[in-house]
Amino acid sequence: MKVLVAVKRVIDYNVKIRVKADNTGVETANVKMSMNPFDEIAVEEAIRMKEKGAATEVIAFSAGPAQCQETIRTALAMGADRGVLVQTDAELQPLAVAKLLKAVVDKEQPGLVIVGKQAIDDDSNATGQMLAALLGWSVGTFANKLNVADGSVEVKREVDGGLENIKIKMPAVITTDLRLNEPRYASLPNIMKAKKKPIETLAPDALGVDVAPRLKTLKVEEPPKRKSGIKVKTVTELVEKLRNEAGVI
Amino acid sequence: MAVLVVAAHDGKTVRANVANAVAAAAQMDPEVHVLVAGSNAGEAATSAAAIQGVAKVLQAEDAAYANWLAEDIAPLVVKLAPGYSHVVMAADSVGKNVAPRVAALLDVAQVSEAIQVVSPDTFVRPIYAGNAMATVQSSDKIKIVTVRPTNFKAAAGGGSAAIEQVAGTGTAGLSSFVGAELSKSERPELTSAKIVVSGGRGLQSGDNFKMLETLADKLGAGLGASRAAVDAGYVPNDYQVGQTGKVVAPDLYIAIGISGAIQHLAGMKDSKTIVAINKDEEAPIFQVADYGIVGDLFQIVPELTAAVEKK
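Residues numbered from 1 in each chain as written. Chains lettered and ligands numbered in written order. Predicted model: local features only at pLDDT ≥ 70, side-chain atom pairs only at ≥ 80, totals over all residues. Heavy atoms only, no water.

S.K.: Whenever I open this one, the overall build of chain B confuses me. Can you help?
M.R.: Counting secondary structure elements, chain B contains 8 helices and 16 strands. Rg of the C-alpha trace for chain B: 21 Å, near the compact-globule value of 19 Å for 311 residues, within the 12% margin. Each of the three principal axes of chain B carries a C-alpha extent, and together these read 60 × 40 × 40 Å. Across the 311 residues in chain B, those meeting the buried criterion constitute 60%. Nonlocal contacts in chain B, meaning residues at least 24 apart in sequence, comprise 65% of its contacts between residues at least 6 apart. Of the roughly 11400 Å² of accessible surface on chain B, 50% is carried by carbon and sulfur atoms. Considering chain B, the positive charge centre built from 24 side chains and the negative charge centre built from 31 side chains are found 1 Å apart. (Helix = DSSP H or I, 4+ residues; strand = E, 2+ residues; numbered from the N terminus. Rg over C-alpha atoms; globule rule 2.2 N^0.38 Å. Buried < 20%, exposed > 50% of the residue type's maximum accessible area, 1.4 Å probe, protein only. Contact = heavy atoms within 4.5 Å. Areas by Shrake-Rupley, 256 points an atom, 1.4 Å probe, with all protein chains shown as cover. Lys, Arg positive; Asp, Glu negative; His and termini not counted. Charge placed at Lys NZ, Arg CZ, Asp CG, Glu CD.)

This is the structure:
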């Protein structure tokens, strides 16, 4: 069984986000970029399946500008076998990415597609669910634990009230939550080896996908700032403030 | 055209956040319908009919809807959607699971986690863990919107909308529900609690969370945690407050032993009053706190619990 993982190049989670002065977006020039953390979990899960013999090949997919090659290389250094990059400088929204993924899935016929539950840039939490819909496949969102057996996957999901177990038919789409695994660091020898692994580059047009954004971003602004508070010395003072100043207890 | 709110429920009542979703929906179009799908969903449908501003409740009975599997619910919503300008769901674990599937089946975008309705086609939503606010305009004919409940004041009760039965769509046969391991708690639900007491890695163990439980119970508060505390196994996953966990906006949020990573702040910085207790005076949590105490939480929390008691 092939497993396809999708990896997105995003601003590193440690970088302080700056909104552009003209309110058209956030500053990305000279900013450290990394693989979306939830996608690292997806890559790790796929590699573990291969190590256990449940998967035969792990394919890392990305879509975006040429630099997404680096993100795919990171996945290859972790242990993925080869990469597919749909290269475009156009803005890509979740529905467009889901359509690009579907085109690649149609070609590669994986048994599972594993993606991060959300990207930490647009925070949409939609691509995996959309891909499953377009394919007519089942979906296991917010996966905390996976067990692949007999043509189906048991998925333990993180939900509002705790955990939920479902059984879904394969082929299927999985979206990862934080506790699914702890992604490995790529070793230096594996980083070197990854440089020789193949990455196929495709264009959206060649896949017959219209990636035009459906949502138009009118402006991007700084969030409202909280006014700075005070430090109190004692619990007595704190309780007095909460009762009489804030009136919340 | 009207707005369809898709309501999650527990078989008896719709979730509390449905009233928030209805309030958001009413800003998109004054005519709001609520879909209650389930197996024996009569009581839940009645609870939806009582929300002010709801013109009509659609009740869909089908055994396939008992456990809210996305593969089975989405086709029902897709079937009803052409009669509506918008489909709205609360951005909780049900809405996030179902709404994007509906959107893709309709070949439309989803507006995720809207916090403000600017006009029927324009919404404000947080991006980058709330470090930027994007105003987006949808050109799709049917707009699929998930809304962040804490940003919309819940519609009041006392309404009496008509309940209309709609036919179910059966099962897609792709997935089945096995079981749930839900946290049992007598405390108020995190996202609707007036006061939230939240603990982080500073607590050092799951046992030490008992100290926070005592404080929470004195205050009638919900109990939350940072990702670090959940990852360390101190508390279950459903306690997590943050960018990828729950978003809360109580009147009072007490952050105890939480350093305040931006991913955590994203889930609580809309709280009315924030208290931070941390031994590290440089901790970023103090930048959003209205009242901070620098010191040993193991000394401060029992003192605070005692002081609250003395009221």
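S.K.: Honestly, helix 4 (residues 127-135) of chain A in this entry has me stumped. Any pointers?
M.R.: Residue pairs three or four apart in sequence face the same way in an α-helix, which turns once every 3.6 residues. Burial analysis of helix 4 of chain A places 7 of its 9 residues in the buried class, the great majority of the element. Turning to helix 4 of chain A, its buried residues are Gly-128, Gln-129, Met-130, Leu-131, Ala-132, Ala-133 and Leu-135 of chain A. Tucked into the core, helix 4 of chain A has its buried residues touching helix 3 (94-108), strand 6 (112-116), strand 7 (138-149) and strand 10 (172-176) of chain A together with helix 4 (95-105) and strand 5 (110-114) of chain B.

S.K.: Looking at this model, I keep getting lost on the pairing of strand 2 (residues 32-38) of chain B. Mind explaining?
M.R.: Walk down a regular strand and you will see the side chains alternate between the two sheet faces. Residue and element names in this part refer to chain B. Summarising burial for strand 2: 7 of the 7 residues are buried, a large majority. Looking at chain direction, strand 1 (residues 3-6) and strand 2 are connected through 4 bridges and run parallel. Bridge pairing in strand 2 places Val-5 opposite Val-34. With helix 1 (residues 17-26) bridging strand 1 and its parallel neighbour strand 2, the resulting β-α-β unit is right-handed. Bridge analysis of strand 2 against strand 3 (residues 54-61) gives 7 bridges, and the strand direction is parallel. Considered in strand 3, the bridge of Ala-37 is made with Ala-60. (Pairing = 2+ DSSP bridges. Right-handed = clockwise from strand over helix to strand, strands pointing away.)

S.K.: Help me out: how do you make sense of the interface of chain B and chain A in this one?
M.R.: A common way to report how large an interface is uses the accessible area buried once the components associate. Contact residues are listed per partner, giving 85 residues for chain B and 70 residues for chain A. Across the interface of chain B and chain A, roughly 6600 Å² is buried in total on both sides, 54% from carbon and sulfur atoms. Lys-227 of chain A is the salt-bridge partner of Asp-290 of chain B, the closest N and O atoms lying 3.9 Å from each other. Along the contact surface separating chain B from chain A lie 45 residue pairs in polar contact (both at pLDDT 80 or more). Partitioning the side of chain B that touches chain A into residue classes produces 40 nonpolar, 24 polar and 21 charged. With 6 bridges connecting them, strand 12 (residues 215-221) of chain A and strand 8 (residues 132-138) of chain B associate as antiparallel partners. Paired with Thr-217 of chain A across the strands is Val-136 of chain B, a residue of strand 8 of chain B. (Buried area = accessible area lost by both parts, 1.4 Å probe. Salt bridge = Lys/Arg side-chain N within 4 Å of Asp/Glu carboxyl O. Polar contact = N/O pair within 3.5 Å; in protein donor to acceptor, adjacent residues only side chain to side chain. Nonpolar A, V, L, I, M, F, W, Y, C, P; charged D, E, K, R; others polar.)

S.K.: Teacher, can you tell me more about the sheet that holds strand 15 (residues 273-278) of chain B here?
M.R.: Strand pairing in a sheet takes place through backbone hydrogen bonds and is either antiparallel or parallel in direction. The 6 strands lie next to each other as 13(A)-16(B)-15(B)-14(B)-12(B)-13(B), forming an open sheet whose pairing is parallel. Pairing within the sheet leaves two strands with one partner each, and these edge strands are strand 13 (230-231) of chain A together with strand 13 (222-225) of chain B. Bridge count for strand 12 (residues 195-199) of chain B against strand 14 (residues 252-256) of chain B is 5 bridges, and the pairing is parallel. Residue pairing across strands places Val-196 of chain B opposite Tyr-253 of chain B, the latter belonging to strand 14 of chain B. Here helix 6 (residues 235-245) of chain A sits on the sheet in contact with strand 13 of chain A together with strand 14, strand 15 and strand 16 (291-294) of chain B, set at roughly 170° to strand 16 of chain B. Helix-sheet contacts for helix 5 (residues 209-219) of chain B involve strand 12, strand 13 and strand 14 of chain B, and the interaxial angle to strand 12 of chain B is about 175°. (Axes fitted to C-alpha atoms, helices over the stretch in contact; angles between N-to-C directions.)

S.K.: Explanation requested: the pattern of salt bridges in the structure shown.
M.R.: Two side chains of opposite charge can pair, provided their charged atoms sit close to one another. All names here are of chain A. This structure, assessed with the given rule, holds 34 salt bridges over all chains. For Arg-82, the salt bridge is made with Glu-108, and the minimal N-O distance between the two is 2.7 Å. Of the two residues, Arg-82 is situated in strand 5 (residues 82-87) and Glu-108 in helix 3; the sequence distance between them amounts to 26 residues. One exposure class covers both Arg-82 and Glu-108, and it is buried. Across the salt bridge formed by Lys-225 and Glu-222, the nearest N and O atoms sit 3.6 Å from each other. By relative accessible area, Lys-225 is classed as exposed at 71%. Here the salt bridges share partners, and the residues they tie into one network are Lys-2, Glu-57, Arg-82 and Glu-108.

S.K.: How should the domain arrangement of chain B be read in this particular structure?
M.R.: Residue and element names in this part refer to chain B. Structurally, chain B comprises domain 1 (3-166) and domain 2 (190-309). The C-alpha centroid of domain 2 is placed 30 Å from the C-alpha centroid of domain 1. Across the boundary between the two partners, domain 1 contributes 8 residues, which contact 10 residues of domain 2. With both chains or domains summed, domain 1 and domain 2 bury close to 690 Å², and 48% of this area falls on carbon and sulfur atoms. On the domain 1 side of the contact with domain 2, Ala-129, Arg-148 and Thr-150 bury the most area, a combined 63% of that side's loss. Our count for the contact surface shared by domain 1 and domain 2 stands at 0 salt bridges. Our count for the domain 1 to domain 2 interface comes out at 1 residue pair in polar contact (both at pLDDT 80 or more). When grouped by side-chain class, the residues that make up the side of domain 1 that touches domain 2 number 1 nonpolar, 4 polar and 3 charged. (Domains from an automatic or database assignment.)

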